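A look at the structure
For reference, the chains in residue letters:
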Amino acid sequence: MKKTTGTSSGWEHPQPSAEFLAKHPAQDVEIWRALISRVIGVATANGWSKTAIARRTDIAEGTFSQWASGKYLGVLVNQNIQVSNWLAALEESSGLASRVPVSPVFQQTLVAREILETLAYAQVTAGFVAITLDAGVGKTTAARHFCQTRPHSYLATISPNTKTVHGMLVELAAELDVLEHNPARLVRAIGRKLQRIGDGSILIIDEAQNLVPEAINQLRHFVDINKCGVALLGNEDTASDFMKERSRSVSSRAQVLSRFDKRLKREPSRGDDARTLIAAWDVQDDDMIRFLLGIALKPGALRQIDRTMKLATMAAIGDGDEVTLKHLQMAWKNRDLGDIA
């Protein structure tokens, strides 16, 4: 009789067949019982099917199915070893994940405050804004916090592969849950989703420096026609590239550039923001604070503090110690940032 696990993935605690029991040594069968119990536990916790587990263990699906059901008549020890190795690797990676330090919760730094105010302005006024600041100062983090705390706000990230008008529209459709397979109707479908409602909606475009000028012009269309706010987040090239595009007429460039209601391009005191983040990591040693302030002034800014602290914390955990200046210096060295370091 089989004991069901109550899962929806087809997993049951199997009763091995008589042939299975007769074929294999008792010791191998006991190992199999322990392994299948662990496999069922892992599969149940993650919602993995037998096909998924077979793929993850790199065992042929038919072979794994027989092993899992207690009917495998091949060399059982070989399959037991493969499943055992997979479980060990899985537990090791899970243990590592549990030890990886978590960044502090969102910090209201000076630059974050200005970013949030600019995004709120765009949402309320249906404005077209550009936030062009150095990498690593917290643009994306602030934008995510805004979307988590404000209704009708959407964040899409542009890559070099989605920089064209069509590529951008496909990305927007995915982020906005717009189901429209006809390219000719895609703009209208996205516009309807962004249509101004209540206190307004806002579309935030991260990594906007990747966009071609025509794509920026399409975003202006959403502002004009659908009365929604649009914010472009990126580096200085986000706006200047459009100005440098020689193939476009002066009037065409001016049409878009004149639509920027606000541009945030001056970063407040990075030192003050760095101290806020350092305090959030609960660093109190003066030498460690000075070291972290130093790397915050390098390209990558506040992001350098966060990533260096994570690596240093893991090293300290391995040493069974608190984070020290030595751990910070070694973490910075091990990140191997070349000329930046």
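Before reading further, recall that the structure is shown in the block above.
Values in this document were obtained by computation on a predicted structure and should not be read as measured data.

The rules behind the values
- By convention here, each chain's residues receive numbers from 1 onward along its written sequence.
- Reporting in this predicted model follows two pLDDT cut-offs: at least 70 for local features of residues, and 80 or more for side-chain atom pairs to be given and counted; totals over whole chains, interfaces and linings ignore these cut-offs and use all residues.
- Based on all heavy atoms of the structure, the side-chain values leave hydrogens and waters out of the count.
- Elements are defined by DSSP. Helices are runs of H or I of four residues or more, strands are runs of E of two residues or more, and each kind is numbered from the N terminus.
- The rule is simple: take the accessible area with a 1.4 Å probe, protein chains only, and divide by the maximum for that residue type; under 20% is buried, over 50% is exposed, in between is partly exposed.
- Here, two residues are considered to be in contact whenever any of their heavy atoms come within 4.5 Å of each other.
- Working definition of accessibility: Shrake-Rupley area with a 1.4 Å probe, residue cover restricted to the visible protein chains.
- Paired strands, as defined in this entry, are two strands with at least two bridges between them according to DSSP.
- With its strands directed away from the observer, a crossover is right-handed exactly when the path from the first strand over the helix to the second travels clockwise.
- Here, a salt bridge means any Lys or Arg side-chain nitrogen found within 4 Å of an Asp or Glu carboxyl oxygen.
- Two aromatic rings, drawn from Phe, Tyr or Trp (for Trp, its six-membered ring), form a pair once their centres lie within 6.5 Å of each other, and the interplanar angle then sorts them: stacked below 30 degrees, edge-to-face above 60, tilted otherwise.

Moving on, we come to the overall build of the protein. Counting its secondary structure elements, the protein contains 16 helices and 7 strands. Residues classed as buried in the protein amount to 43% of the 341 residues present. In the protein, 71% of the contacts between residues at least 6 apart in sequence involve partners at least 24 apart. In the form shown here, the protein has an accessible surface area of approximately 18,100 Å², with 50% of it arising from carbon and sulfur atoms.

Counting buried residues along strand β6 (residues 229-234), 6 of its 6 residues qualify, which places the element largely inside the surrounding structure. Two elements, strand β3 (residues 128-132) and β6, share 5 bridges in a ladder whose sense is parallel. Counterpart to T132 in the pairing with β6 is G234. The sheet contact formed by strand β5 (residues 202-206) and β6 spans 4 bridges and is parallel. Directly across from I205, in β6, lies its bridge partner L232. This β-α-β element, β5 to helix α10 (residues 213-226) to β6, shows right-handed connectivity.

This paragraph deals with the pattern of salt bridges. Within the structure shown, the criterion is met by 5 salt bridges. For E30, the salt bridge is made with R33, and the minimal N-O distance between the two is 3.5 Å. Of this pair, E30 and R33 are both found in helix α2 (residues 26-46), 3 residues apart, which corresponds to roughly one turn of the helix. A relative accessible area of 32% places R33 in the partly exposed class. The partner of D224 in a salt bridge is R220, with the nearest N and O atoms 2.6 Å apart. Here D224 and its partner R220 are both found in helix α10, 4 residues apart, which amounts to about one turn of the helix.

Now for the packing of aromatic side chains. Aromatic ring pairs: the centre-centre distance and the angle between the two ring planes describe each pair. In total, this model carries 5 aromatic pairs according to the counting rule given. Aromatic side chains W32 and W67 sit 6.5 Å apart centroid to centroid with 80 degrees between the ring planes, which places their arrangement in the edge-to-face category. Remark: W67 occurs in helix α4 (residues 61-69) and W32 occurs in helix α2; sequence separation between them is 35 residues. Residue class for W32 comes out buried when judged on its relative accessible area of 1%. Among the aromatic residues, ring-to-ring pairing joins F20, W32, F64 and W67 into one connected group.

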